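Observations on chain architecture
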Amino acid sequence: MNAIFRAGGALATLLLLSACLLTPGKFDSTLDIRADRSFTFTYKGEVIATDPSDIGKGLKDSSPSTEEETAPAEEEDAVMQNIAWMQDDQETAEPAPDTDFSATSKDDEAEKARKTAAIVAALRKEKGFRSVEYVGDNKYMIDYAITGTLDHAFVFPFNVDAEYVFPFIVIELRGDDRVRVKAPGYANGSKQKSSGMGGSAGDVSKYLDGRFTLTTDAALISQNQEDGPITVAGKQTLKWTVTPLTTEAPMAVIRFPAK
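Anyway, here's the lowdown on the structure attached to this text. (Residues numbered from 1 in each chain as written. Predicted model: local features only at pLDDT ≥ 70, side-chain atom pairs only at ≥ 80, totals over all residues. Heavy atoms only, no water.)

Time to look at the environment of Gly228. Among the secondary structure elements, Gly228 is positioned in the loop between β10 (219-223) and β11 (230-232). Remark: the alpha-carbon pair of Gly228 and Leu238, spanning ten residues in sequence, is separated by 6.7 Å. Those residues in contact with Gly228 that sit more than four places away from it in its chain are Gln223, Thr237 and Leu238. (Helix = DSSP H or I, 4+ residues; strand = E, 2+ residues; numbered from the N terminus. Contact = heavy atoms within 4.5 Å.)

Given below as structure tokens:
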């Protein structure tokens, strides 16, 4: 069992270190689902990108520890002896040349600029993104709107070229007559518990500040908005206010009329 945990943690690390974690900042998002299965989704506002190196730190801190991974006393003694020998060698070796930290910093900035430009370019090519702008401090301003038919699942955001993970919202088909809407990105607790990213996810989630509105003229089977739906112009309407204290992701199940 411990081996499974270690393998799973390694797989998650490889996935996250090769990708970019996007989380909402200040935003306004809407989803309208019609009885004929047509839908319109919008997202307008800030999106914050997390540095993959920070994600790795959170994964390392959250990895499970077991008694099997504790080194026996004999192995610890051997390690300490090797360290002592290495220290002796270092004392007699020639001093290492000075490291040019300024060059390293410039390389890091150039790599960050390259990734930022690649993300903006990838998103601008995708249908639905009406505007994408990088405004500094790992923050993007996005205006997204798309209309379609729910004969398949819908995920936002999703772009292979931009290499990012963790969806803000997912619409899943449940049988022939219903869909489930869930917005894990519009909550603070979901990212940390499901991804195991620890402090890194919590740091960016402090910027959560938005509103998610769901409207439908189909049958609303279940939902988790504590005030319940209100009816506006013949449609049932749910409104969630999202803050850093929001721990439960907005959710609703909608049933379509029989064909």
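What follows concerns the pattern of salt bridges. All told, the structure shown has ten salt bridges when counted by the stated rule. For Glu133, the salt bridge identified is with Arg124, shortest N-O distance 3.2 Å. Given the relative accessible area of 43%, Glu133 is considered partly exposed. Take Arg124: its relative accessible area is 47%, and that puts it in the partly exposed class. Bridged by salt links that share partners, the residues Asp32, Arg34 and Lys235 form one connected network. (Salt bridge = Lys/Arg side-chain N within 4 Å of Asp/Glu carboxyl O. Buried < 20%, exposed > 50% of the residue type's maximum accessible area, 1.4 Å probe, protein only.)

Moving on to the side chain of Gln225. Looking at the secondary structure, you find Gln225 in the loop between β10 and β11. Here the side chain of Gln225 touches Asp227 through a polar contact of 2.6 Å, landing on its backbone nitrogen. (Polar contact = N/O pair within 3.5 Å; in protein donor to acceptor, adjacent residues only side chain to side chain.)

The next subject is unusual backbone geometry. For the bond from Phe156 to Pro157, the omega torsion is -5°, close enough to zero to count as cis. Note that Pro157 resides in the loop between β5 (154-156) and β6 (164-165). Phi angles above zero are rare outside glycine, and Arg37 is one such case at about 80°. Note that Arg37 resides in the loop between β1 (20-33) and β2 (38-50).

Our next topic: the environment of Gly175. Its location among the elements puts Gly175 in the loop between β7 (169-174) and β8 (178-182). Once the C-alpha coordinates of Gly175 and Arg255 are considered, the two residues, 80 residues apart in sequence, prove to be 9.8 Å apart.

The subject of this paragraph is the pairing of β7. In the sheet, β5 pairs with β7 via three bridges, with the strands oriented antiparallel. By the bridge assignment for β7, Phe154 is matched with Ile171. In the sheet, β7 pairs with β8 via five bridges, with the strands oriented antiparallel. Paired with Glu172 across the bridge in β8 is Arg180. From the end of β7 to the start of β8, which pair antiparallel, there are three residues, and Gly175 there has a positive phi angle of about 75°. (Pairing = 2+ DSSP bridges.)

Moving on to the packing of aromatic side chains. Under the definition given, this model contains 17 aromatic pairs. The interplanar angle of 50° and the centroid separation of 5.5 Å between the aromatic rings of Tyr43 and Phe168 together place this pair among those described as tilted. Here Phe168 lies in the loop between β6 and β7 and Tyr43 lies in strand β2, a separation of 125 residues in the sequence. The same class applies to Tyr43 as to Phe168, namely buried. Here Tyr43 and Tyr186 contribute two aromatic rings whose centre-to-centre distance is 6.5 Å and whose plane-to-plane angle is 20°, an arrangement assigned as stacked. In this pair, Tyr43 is assigned in strand β2 and Tyr186 in the loop between β8 and α5 (189-195), connecting sequence segments 143 residues apart. By relative accessible area, which is 0% here, Tyr186 ends up buried. An aromatic cluster is present here, built from Phe27, Phe39, Phe41, Tyr43, Phe129, Tyr144, Phe154, Phe156, Phe168, Tyr186, Phe212 and Trp240 joined pairwise through their rings. (Phe/Tyr/Trp six-rings, centres within 6.5 Å; stacked < 30°, edge-to-face > 60°.)

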